[in-house]
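Below are the chains, spelled out letter by letter.
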Amino acid sequence: MTSYLVLEAPGGPDRDHRSTRFIADRFSWLALLFPWVWFAVQHLWWLAIGIVVLQVAAGQVSGLDGYAVTGGLFALTIGLIAGFEGRNIVVRHLISKGWALKDVVTASDLATAEDIYFSNLPDDEMSQASTIPQPDWKQDGKNGNGFIRNDPAGSFQFDLNGRR
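Remember, predicted model here, so these are calculated numbers, not experimental data.

Along the protein, the regular secondary structure elements total six helices and three strands. Each helix (α) and strand (β) of the protein, taken in turn from the N terminus, gives the series β-β-α-α-α-α-β-α-α. Restricting to contacts in the protein with at least 6 residues of sequence separation, those with at least 24 account for 55%. Roughly 11900 Å² of accessible area belongs to the protein as shown, and the carbon and sulfur atoms make up 59% of that amount.

As a further point, take the sheet that holds strand β1 (residues 2-8). Read across the open sheet, the three strands follow the order β2-β1-β3; overall the sheet is antiparallel. The open sheet has two edge strands with one neighbour each: β2 (21-24) and β3 (100-107). Adjacent strand axes in the sheet meet at a mean angle of 30° when their direction is disregarded. Here β1 pairs with β2 via four bridges, running antiparallel. Across the sheet, residue L5 finds its bridge partner in β2, namely I23. Relative to β3, helix α5 (residues 110-119) is tilted by about 120°, and along the sheet it contacts β1, β2 and β3.

All right, on to the packing of helix α3 (residues 45-62) against helix α4 (residues 68-96) then. Axis separation between α3 and α4 bottoms out at 7 Å; the angle between their running directions is 160°. Judged on the interaxial angle alone, α4 and α3 are roughly antiparallel. For the element pair α3 and α4, the recorded crossing hand is left-handed. Between α3, through L47, I51, L54, Q55, A58, V61 and S62, and α4, the contact on the second element is made entirely by A68, G71, G72, F74, A75, I78 and I89. Partitioned by chemical class, the residues of the contact of α3 with α4 number ten nonpolar, four polar and no charged.

In this structure, H43 takes a positive phi of about 65° despite not being glycine. Secondary-structure assignment places H43 in the loop between α2 (35-41) and α3.

A few words now on the nonpolar core. Counting 17 residues, the largest nonpolar core has L7, I23, F39, V90 and L94 as the members making the most contacts within it. In terms of residue count, the dominant contributor to this core is α4 (five residues). Residues in contact with V90, not counting those within four places in the same chain, are R21, I23, W38, Q42 and L44.

What follows is about the side chain of T20. If you trace the backbone, T20 turns up in the loop between β1 and β2. Residues within four places of T20 in sequence aside, it is in contact with V6, L7, E8, P13 and Y117.

Mapping V91 onto the fold places it in helix α4. Judged by relative accessible area, which is 2%, V91 ranks as buried. For the pair V91 and L5, spaced 86 residues apart in sequence, the C-alpha separation works out to 8.2 Å.

Before going further, it helps to spend a moment on α4. Maximum bend of α4: about 60°, positioned at E85. Where α4 is concerned, the buried positions are G71, I78, G79, A82, G83, G86, R87, V90, V91 and L94. Turning to α4, the residues buried within the fold contact β1, β2, α1 (29-33), α2 and α3. Of the residues flanking the end of α4, it is G98, one or two places downstream, whose phi is positive at about 110°.

Quick notes on the rules
- Residues numbered from 1 in each chain as written.
- Predicted model: local features only at pLDDT ≥ 70, side-chain atom pairs only at ≥ 80, totals over all residues.
- Heavy atoms only, no water.
- Helix = DSSP H or I, 4+ residues; strand = E, 2+ residues; numbered from the N terminus.
- Contact = heavy atoms within 4.5 Å.
- Areas by Shrake-Rupley, 256 points an atom, 1.4 Å probe, with all protein chains shown as cover.
- Pairing = 2+ DSSP bridges.
- Axes fitted to C-alpha atoms, helices over the stretch in contact; angles between N-to-C directions.
- Parallel < 35°, antiparallel > 145°, perpendicular 65-115°, else oblique.
- Left-handed = near helix turned anticlockwise from the far one by under 90°.
- Nonpolar A, V, L, I, M, F, W, Y, C, P; charged D, E, K, R; others polar.
- Core = buried A, V, L, I, M, F, W, Y, C linked by side-chain atoms within 4.5 Å.
- Buried < 20%, exposed > 50% of the residue type's maximum accessible area, 1.4 Å probe, protein only.
- Bend = angle between axes of the 7 residues up to and from the residue.

Quick look at the structure:
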């Protein structure tokens with residue numbers, strides 16, 4: 001099971017919740033293999049540029065005599081940090097931009113997480129439906145509301161008037 005962090009846009013969710021983002025809290029293989037590309041896709045430009053600089057420095061260190069393993073471990077460390085913490089960095093960046101962390105949903109996949117989250121939201125259409133006039137069920141049949149109340153002592157075998 002994967003935990004999904006649910007974030008809503010700074011101005012609140014739009015009517016169809018198209019701006020609501022679900023970010024999986026798990027390891028990212030793409031961020032491990034290509035960390036600067038992954039952060040660039042996430043629109044974290046300064047971080048992507050910083051990672052390019054660090055990876056070039058790791059390549060230069062690995063080219064020195066006796067430091068090949070050190071440079072390789074340095075590049076691997078950059079990838080591991082990006083893989084493990086990349087999604088958390090994205091979430092923290094969005095929160096700093098005004099996004100609101102609304103919920104954490106645990107599900108097996110993204111579609112299930114969306115179903116769980118959206119099924120627990122209050123339905124605006126249902127709240128509007130409560131403004132529709134409802135019949136007054138407590139009136140007796142003499143007022144002409146269309147419902148006949150039977151004598152409970154009479155034919156209770158067929159009509160219980162809502163009682164058990």
